[in-house]
Each structure stands twice: as structure tokens, then as C-alpha cells.
Amino acid sequence: MAIKPDKLQLAWQRAETGIFCHFGINTYYAKEWSDGTLDPCEFNPAKLNARQWVQTAKDNGFKYMILTAKHHDGFCLWPTETTDYSVASSPWKDGKGDVVAEFAEACRELNMQMGLYLSPWDRHEPCYADKEAYDKFYERQLTELCTKYGELFELWFDGAGSEGRKYDWDSIMAVKDKYQPQAMIFNMGHPTIRWVGNEDGLAADPCNYEVNELSISAFTTAREEASRTNARIYLPPECDVAIRRNWFWQPDDLDSLKTVEHLLGIYYRSVGFGANLLLNVPPNRDGLLDENDVARLVETTAELNKRFAKPVPGKIVKQGSGYAVEFPGNIEFDHLVLRENLENGQQIFDYKIYIDGESEPFTAGNTIGNKKFNVFKTANTGKIRIETDSECANITSVEAFKTGHEEFPGVGYFLDYDQWKKKAGKKM
Ligand code: FUL
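Thresholds, definitions, all that
Residues numbered from 1 in each chain as written. Predicted model: local features only at pLDDT ≥ 70, side-chain atom pairs only at ≥ 80, totals over all residues. Heavy atoms only, no water. Core = buried A, V, L, I, M, F, W, Y, C linked by side-chain atoms within 4.5 Å. Buried < 20%, exposed > 50% of the residue type's maximum accessible area, 1.4 Å probe, protein only. Helix = DSSP H or I, 4+ residues; strand = E, 2+ residues; numbered from the N terminus. Pairing = 2+ DSSP bridges. Near = heavy atom within 4 Å. Polar contact = N/O pair within 3.5 Å; in protein donor to acceptor, adjacent residues only side chain to side chain. Areas by Shrake-Rupley, 256 points an atom, 1.4 Å probe, with all protein chains shown as cover. Nonpolar A, V, L, I, M, F, W, Y, C, P; charged D, E, K, R; others polar. Contact = heavy atoms within 4.5 Å. Axes fitted to C-alpha atoms, helices over the stretch in contact; angles between N-to-C directions.

Asks: So, the nonpolar core: which residues are in play, and what are the values?
Replies: Judged by nonpolar contacts, the single largest core of 77 residues is most densely connected at Phe43, Trp53, Leu67, Val99, Val100 and Leu116. If you look at the next biggest cluster of nonpolar residues, it comprises 20 residues, including Ile348, Tyr351, Ile395 and Ala400.

Here you go:
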């Protein structure tokens, strides 16, 4: 029996894409990780405009955003009562500013679903060494974030640096359950969604929503139980990836800004493989998204819109474990986008697609899930047949597209990636 997702998980899966914003003290010292000793005197995003972040995400079709309220260095983007290592000790707005509040307000105004990242690992806070004291400290920080800024769509618990550390997740999760019961929980505590297992933004086929273990970070092979009972649970994956080499804005990594082809490849292999995509586009030292990153996003969106502007929906008639799909007349198409009804859990693990009357499939795959892209040499027909391994499944939509792109984008990159993955023994 497949495990059923709850309504919140389904809504999260339907959101499909989010923008990640890594911003903090690191932004001002060209660092990716810092140890909690960097002086807040450099933090001064004089032109900070969270509306620009949110409008950019919205204009490019992203449905949620996540801001690093506190990264591993412990520096807080809101004036917390738990520590003075925060914006309150910076020159920005004479220590009276609150980045989380500005972000929350922009999300509210522009109707964007908002999420926050709160690193469990804290390299500044002296009480981190005292497990019990730190659990309380962390609960207080989470309480502030859960009570002061409105409704949260997702809470991001990054496992990096926490390998082997046991937190009192029952108490920490009680804070979330009390104040933000609807928020998705990324990967730690009592997770409702999971890390895909790499930071390249890539899922794989099959893309399984049911698991009983997960990797907490890229720096350990230790796998944690997904649930305390070790039962299989429904945990759809989120694929996080940075638009450049680094997560925080850096002055010297523009050369690594991903190409349109690369970003499309990531989209095909995350959203197009049934996972969510969380693309990091970091605010710079002015407190604005970098114009180069924004321009690249806009180009990528334009290409996606061009490819997927004109769906031809198929009429679906279910026949046992198969489906007869009829288009309005003979059409040419090189992409098929399928969706499965997930209300009763994930059901399809093998499918083949045929031109009606033919015995050899022209495309095939494993899972369908929230969304599945199939890319192939241009087909020309009005009728196709889909065979699956599940009688109780329901394919809810089949859309054909003529994109003019028969090649899976970024083929070279993906071949290399697969080889790299094999070598590194990565599991996705
Ligand atoms: C990792 C962190 O160590 C990186 O700095 C970044 O935040 C990334 C999203 O997750 O685990």
C-alpha cells in the first residue's frame, strides 16, 4: 500500500519552484562559512530592497522563497533577544533594521509564500557546547521567527555541521507545531520533505517520495531515520542549487554564473523529474539581487516560456493499468508532460508510451509523480497509449509540446554528472 501524503505536502509539491536567498555576515567578507567571529560592523545593505527579491522571484514564476535568517556563523538577520550577534549590532539603519521583517513584508505584499532557514549548527553561540542550554536557545530563536513574521511555508533545517549531534527535536518541533503547523519541515526534526542528496539541483528517475532514511548533509554518509519509528514515510525531495559556485554573493565568482542551458537542465531534472527546485539567488552587499543573476533568470524563464507556452492536452481514457490518450487531431510533438494523482500516494514505478497501434514504445520511464518530462525525437500522431505497472494509479494530465528541442538540454553536463556521481558513490 502506498503511503498517502497530506494536503500540505501536495500543495508544497504543486508549488514546484522556490528561490533561496543566502544573505548574512558572510556576504560582507566574501566567505561561504565563517566561524562566528566576523565583526557585524561591516553589515550594511544600504539599498536593501526585499521587494526587488520577491518581485524577481514572482516575475520568473517561482512560488516560494527561503531566506537564511541565521547561517552556521550564528549572525541573525533579525534583532533577536537571544544574542547580540545580529543586525542590531550592525551600522545598518543604526542597528534598528530587521531583514526578516522586510522580507516578510515584501512576501506579504506580493503574495509570495515565505520560508526561513535557521541553522541548527551555531559557531558563535557559546552555549552551543552545552547541549541542553543550546536546545533551549534554539527553541527561543525558532519561537521568535515563528511568531513575529506571519505564516511560514517552509522551515529549512540544514544538517551541515550537525553530523552526529543530537538535538531535542521533540521540543523544537513542538514550537513549530504550536505556531506554524502548516510549515513544511526540511530534512531534520520531524521532516515532511527531504534533501535530494546533492547540491547540484538534480533528482533522478525513479524519484521516490516514500523513504525510511535520509542523508542529513553532504559531509557525512551517516543516514538518519526519516521517522522515529523507522517506518517508510512520504517525503518528497527538494533540489537545492546555487546559481553561481557560491551560496553567498561573492565579488569574484561571476565566471561561474550558470548558463541558460545549465539552468534548463536543472529544471528538467528537478521539476521535470517530480521534485521541487530551490534555486539560490543571493542578495549582494547593497541588499539587492545581482543584475547579472537576474538577467540570467529572465533569459531562462523566457526560454522555458517559449518551450512550454502551447500545451496540447490529451483526452485520457483509463483502461486497466493503461491509458488511451487522444489529441485533437494529428500533432507533432517532442515533449510529453505527465502528471499522476498523488492523493493516494505514489503508484507508478514503470511506464512505457507507444504511438497507438505500435508495439515498441517511443519513450519510457520509472516514476511520474507530480510532474514528469519525457523528451524524444519529434513524434507525429493523434493517439498514444501509456502502459503502467499500476492498476490503481491515475494519470491526471498528459500534455504534448512541440518545442523544437529534441535533445535533452545539458546532455554533456548530465553525462559528466552521472559519471561523477558513480565515482563519488552518491545516492539520490
Ligand atoms: C549546506 C551549507 O553548508 C551551505 O553553506 C549552504 O547553506 C547549503 C544550502 O547547505 O549544507
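Asks: Before we move on, can you summarise the pairing of strand S19 (residues 395-401) with the specific residues and values?
Replies: Burial of S19 is extensive: 5 of the 7 residues sit out of reach of the surface. Sheet topology places strand S13 (residues 312-313) next to S19; 2 bridges connect them, and they run antiparallel. The partner of proline 313 across the bridge, within S19, is glutamate 399. One ladder, built from 6 bridges, connects strand S15 (residues 322-340) with S19; its direction is antiparallel. The residue of S19 that forms the bridge with valine 337 is glutamate 399.

Asks: Provide a residue-level description of the site of the ligand, including the pertinent values.
Replies: Phe20, His22, Trp33, His71, His72, Tyr117, Asp158, Ala160, Glu199, Asp240 and Trp247 make up every residue found near the ligand. At 2.9 Å from an oxygen atom of the ligand is found a side-chain nitrogen or oxygen belonging to histidine 71. Here histidine 72 contributes a side-chain N or O atom positioned 3.0 Å from an oxygen atom of the ligand. Surface burial for the ligand is 96%, taken as the share of its 290 Å² of free accessible area covered by protein chains. Class assignment of the residues belonging to the shell around the ligand gives a composition of 5 nonpolar, 3 polar and 3 charged.

Asks: Give a description of the environment of leucine 152 that names residues and reports values.
Replies: Inspection of the secondary structure puts leucine 152 in the loop between helix H4 (131-148) and strand S4 (154-156). By relative accessible area, leucine 152 is classed as buried at 1%. Along the chain, leucine 152 and proline 181 lie 29 residues apart, while their C-alpha atoms are 9.0 Å from each other. What leucine 152 contacts, discounting residues up to four positions off in sequence, is Met114, Leu116, Leu145, Cys146, Gln180, Gln182 and Ala183.

Asks: Explain the environment of isoleucine 355 to me, and be specific about the residues and the numbers.
Replies: Structurally, isoleucine 355 can be placed in strand S16 (residues 351-355). Measuring from C-alpha to C-alpha, the distance between isoleucine 355 and leucine 278 comes to 35 Å, with 77 residues separating the pair along the chain. Apart from the residues within four sequence positions on either side, isoleucine 355 is in contact with Phe362, Ala379, Thr381, Lys383, Ile384 and Arg385.

Asks: With reference to specific residues and values, describe the environment of aspartate 98.
Replies: Along the chain, aspartate 98 turns up in the loop between strand S2 (64-70) and helix H3 (99-109). C-alpha separation for the pair aspartate 98 and glycine 36, spaced 62 residues apart in sequence, amounts to 19 Å. Other than its neighbours up to four places away in sequence, aspartate 98 contacts Leu77, Trp78, Pro79, Trp92 and Tyr149. One polar contact links the side chain of aspartate 98 to the main-chain amide nitrogen of valine 100, over a distance of 3.0 Å. Side-chain polar atoms of aspartate 98 contact the backbone nitrogen of alanine 101, separated by 2.9 Å.

Asks: Any chance you could break down the side chain of arginine 194 for me, citing the residues and the numbers?
Replies: Examined against the element boundaries, arginine 194 turns out to sit in strand S6 (residues 194-195). Within the structure, arginine 194 has its side chain in polar contact with the backbone oxygen of asparagine 208 (distance 2.4 Å). Side-chain polar atoms of arginine 194 contact the backbone oxygen of leucine 235, separated by 2.8 Å. Contact partners of arginine 194, with chain neighbours within four places excluded, come to Phe186, Asn187, Asn208, Val211, Leu214, Leu235, Pro236, Pro237 and Glu238.

Asks: Any details on the sheet that holds strand S1 (residues 17-21)? Residues and values, ideally.
Replies: A sheet is described by the order of its strands in space; here 8 strands give the open sequence S5-S4-S3-S2-S1-S12-S11-S6, paired in parallel fashion. Two strands lie at the open edges of the sheet, namely strand S5 (184-186) and S6, each paired on one side alone. Looking at chain direction, S6 and strand S11 (residues 237-242) are connected through 2 bridges and run parallel. Looking at S11, one finds that arginine 194 is bridged to proline 237. Of the strands in this sheet, S1, S11 and strand S12 (276-280) touch helix H6 (residues 260-270), which is tilted by about 150° from S12.

All quantities given are derived from atomic positions and should not be read as evidence of function.
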